[in-house]
Amino acid sequence: QVQLVESGGGLVQPGGSLTLSCAASGRIFSISAMGWYRQAPGKQRELVATISSGGSTNYAESVKGRFTISRVNAGNTVYLQMNSLKPEDTAVYYCNISGRLDYLRNFISWGQGTQVTVSS
């Protein structure tokens, strides 16, 4: 079983910054993609950013140039640096990690979610 623990959410003023982190633990053979998603009240969950095992990144248009995703493979950890935050960034942020438990079994796991509120 793979567990993800998120941290770093909170309340920040518009224009401020926050860094989210997500650490995976368990009997993990390898990790492929890591990513962040968010869900605002009354809206569907949407992709924010992803990073592949090779370091290739992908961002939603709404966060390009403001958010940066990174990963530390040794620690099975993914980060989301969020700068120039806007009220419309307010949402619950979820990390998502996929990989292999062994040669036969894959896994996809979600974090518990962390609230990010951007408000003055």
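Residues numbered from 1 in each chain as written. Predicted model: local features only at pLDDT ≥ 70, side-chain atom pairs only at ≥ 80, totals over all residues. Heavy atoms only, no water.

Participant: I'm lost on the state of the cysteines in this one. Help?
Facilitator: A covalent bond between the sulfur atoms of two cysteines is what we call a disulfide. Tallied over the entire structure, the rule returns one disulfide. Note that Cys22 is cross-linked by a disulfide to Cys95, the S-S spacing being 2.0 Å. Linking Cys22 and Cys95, the disulfide has an S-S dihedral of approximately 40 degrees and is accordingly described as right-handed. Placement of Cys22 in strand β3 (residues 18–25) and of Cys95 in strand β9 (residues 91–100) is noted, with a sequence separation of 73 residues between them. A relative accessible area of 0% means that Cys22 is categorised as buried. Its relative accessible area of 0% is what places Cys95 among the buried residues. (Disulfide = S-S within 2.5 Å. Helix = DSSP H or I, 4+ residues; strand = E, 2+ residues; numbered from the N terminus. Buried < 20%, exposed > 50% of the residue type's maximum accessible area, 1.4 Å probe, protein only.)

Participant: Where do I start with the nonpolar core in this structure?
Facilitator: Soluble, globular proteins show a tendency: their nonpolar side chains are buried together. By size, the foremost hydrophobic cluster in this structure holds 31 residues, and its most contacted members are Trp36, Leu80, Met82 and Tyr93. Of all the secondary structure elements, the ones that give two or more residues to this core are β3, β4 (30–39), β5 (46–51), β7 (67–72), β8 (77–82), β9 and β11 (114–118). Beyond its immediate stretch of four places on either side in the chain, Tyr93 contacts Glu6, Leu20, Trp36, Tyr37, Arg38, Val48, Phe67, Leu80, Met82, Gly113, Thr114 and Val116. (Core = buried A, V, L, I, M, F, W, Y, C linked by side-chain atoms within 4.5 Å. Contact = heavy atoms within 4.5 Å.)

Participant: How should the packing of aromatic side chains be read in this particular structure?
Facilitator: Ring pairs (aromatic) are described by centroid distance and by the angle formed between their planes. Throughout the structure, instances matching the rule amount to two aromatic pairs. Note on Phe29 and Tyr103: the rings are 5.0 Å apart at their centroids and 50 degrees apart in plane angle, and the pair reads as tilted. Of the two residues, Phe29 sits in the loop between β3 and β4 while Tyr103 sits in the loop between β9 and β10 (106–110), which places them 74 residues apart along the sequence. A relative accessible area of 67% places Tyr103 in the exposed class. Sitting over the face of the ring of Tyr94, Arg45 holds its NZ or CZ atom 3.7 Å from the ring centroid. If you follow Arg45 out to its NZ or CZ, it ends over the ring of Trp110, 4.7 Å from the centre. (Phe/Tyr/Trp six-rings, centres within 6.5 Å; stacked < 30°, edge-to-face > 60°. Lys NZ or Arg CZ within 6 Å of the ring centre and 35° of its normal.)

Limitation: the analysis is restricted to geometry and does not speak to function.
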